[in-house]
Amino acid sequence: MNSQRAYPKSFSFELFPPKTEAAELALKNTVAQLRQINPSYCSVTFGAGGSTREKTFETVVSIQEGMGIACAPHISCIASTRSYIREMLDAYREQGIKRIVALRGDMPSGMLTTGELRYANELVEFIRQETGNDFHVEVAGYPEVHPQAANAEKDLLNFKRKVEAGADSAITQYFYNAEAYFRFIDDCEKQNINIPIVPGIMPITNYTQLARFSELCGADIPRWIRKRLEVFGDDRVTIRTFGIDVVSKLCRRLLEQGAPGLHFYTLNQSDATLAIWHNLGLHGNNPA
Ligand code: FAD
């Protein structure tokens, strides 16, 4: 973990593109609230092959231009072509976007073609070829191992490929086992992977939704957390109180042991993220 202490702390949050006008308004409100964090940047997800592609662009531009917060689009290469990605990169560069989260993405159900670039390392390489150092490139890391990886060692070597292709920093998949993150960092150090690896933090507010996401992305919900959440049922207030306590303690431990910041998966809600933020006593301390 020592190498991670050397990096400046980065606090950021993730949003998804709104689908309706009402959701768009609500998102503006969320971002206005999250401004308190003085974020290093916010990022906006991208639906591979789906209808949110243009929406990602519109959302990123409206937040960066309209609200003055640096914004990073996610770009995924699955089900896409080099020329389409080139167009997107050009468009983002024209808008003054400086950071990109480069991902493989997941195949939308029903789509059979994988696209011209198969893995995120190929996307990072392509971004560097096309745009040099115009963008700060973030990639995804998996402390609990990507669900499709053959094993942890191969997954780590595949993570290393993204760094060697030119990634500047990484955001992890969310996790609730701090040990998994610390071990991942140790393993990265042994592989001479020298970039900031910022933990992705998923606040706990809704058990059914969290269980579904975790099943899909391979994030482990520890038994002691699951067992408590199961008992709370639909009692949102108790879930929220418990979740904020658990996740605040996780964040505190990560920061104390050298994590170079936090990236909150907000699901377009500010409430839980802000409660965790305040619990951490970071108010006014963000060096961004
Ligand atoms: P990769 O790094 O390409 O890895 C995918 C799998 O292939 C892994 O199992 C890896 O071990 C293996 N692999 C990698 N490279 C090679 C190689 N060269 N040869 C053989 N095997 C290889 N999804 C979205 O659709 N939209 C989003 O906006 C989005 N945002 C995300 C943000 C973050 C921070 C994270 C952690 C995930 C996000 N995802 C998003 C989910 C992500 O797209 C999925 O986890 C996807 O399955 C993998 O993407 P990746 O970029 O990590 O892929």
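This section reports on the structure supplied with the text. Keep in mind that what you see is a predicted model, and the values were worked out from it rather than measured. (Residues numbered from 1 in each chain as written. Predicted model: local features only at pLDDT ≥ 70, side-chain atom pairs only at ≥ 80, totals over all residues. Heavy atoms only, no water.)

Turning to the site of the ligand, a few remarks are in order. In the vicinity of the ligand lie 23 residues, with Phe46, Asp106, Tyr142, Asp155 and Lys162 positioned nearest. Here phenylalanine 46 contributes a backbone N or O atom positioned 2.6 Å from a nitrogen atom of the ligand. Between an oxygen atom of the ligand and a side-chain N or O atom of histidine 74, the distance comes to 2.8 Å. Relative to its unbound accessible area of 970 Å², the ligand is 87% covered by the protein chains. Counting only elements with at least two residues in the shell around the ligand, the list comes to helix H5 (120-131) and helix H6 (152-164). Tallied by class, the residues present in the shell around the ligand amount to 9 nonpolar, 8 polar and 6 charged. (Near = heavy atom within 4 Å. Polar contact = N/O pair within 3.5 Å; in protein donor to acceptor, adjacent residues only side chain to side chain. Areas by Shrake-Rupley, 256 points an atom, 1.4 Å probe, with all protein chains shown as cover. Helix = DSSP H or I, 4+ residues; strand = E, 2+ residues; numbered from the N terminus. Nonpolar A, V, L, I, M, F, W, Y, C, P; charged D, E, K, R; others polar.)

This brings us to the side chain of glutamate 14. On the secondary structure map, glutamate 14 appears in strand E1 (residues 10-15). The contact partners of glutamate 14, leaving out residues within four places of it in the chain, are Ser43, Thr45, His74, His263, Phe264, Tyr265, Thr266 and Leu267. (Contact = heavy atoms within 4.5 Å.)

What follows deals with helix H4 (residues 82-94). Between its first and last C-alpha, H4 extends 18 Å over 13 residues, near the 18 Å set by a 1.5 Å rise per residue. Within H4 the residues assigned to the buried category are Ile85, Met88, Leu89 and Tyr92. Down the axis of H4, the sector holding all buried residues measures 100°, keeping them to one side. Residues Glu87 and Glu94 are exposed on H4 and point more than 90 degrees away from its buried face. Those residues of H4 hidden inside the fold are in contact with helix H3 (52-67), strand E3 (71-76), strand E4 (99-103) and H5. Glycine 96 lies just past H4 and shows a positive phi near 80°. (Expected span 1.5 Å × (residues − 1). Buried < 20%, exposed > 50% of the residue type's maximum accessible area, 1.4 Å probe, protein only. Arc of directions from axis to C-beta.)

For the structure on display, the rule yields 15 salt bridges. In this structure, glutamate 130 engages arginine 86 in a salt bridge whose closest nitrogen and oxygen atoms are separated by 2.9 Å. Here glutamate 130, found in helix H5, pairs with arginine 86, found in helix H4; they are 44 residues apart in sequence, far enough to count as distant. You can call glutamate 130 partly exposed: its relative accessible area is 29%. Between glutamate 179 and arginine 253 there is a salt bridge, with the nearest N and O atoms lying 2.5 Å from each other. Of this pair, glutamate 179 sits in helix H7 (residues 178-190) while arginine 253 sits in helix H10 (residues 236-256); the two residues are 74 residues apart in sequence, bridging distant segments of the chain. (Salt bridge = Lys/Arg side-chain N within 4 Å of Asp/Glu carboxyl O.)

Attention shifts here to the pairing of strand E2 (residues 41-44). In E2, alternate side chains face the same way, and those of Tyr41 and Ser43 on one face and Cys42 and Val44 on the other are all buried. Pairing between E1 and E2: 4 bridges, direction parallel. Bridge pairing in E2 places phenylalanine 13 opposite cysteine 42. Pairing of E2 with E3, which is carried by 3 bridges, proceeds in the parallel orientation. Counterpart to valine 44 in the pairing with E3 is proline 73. (Pairing = 2+ DSSP bridges.)

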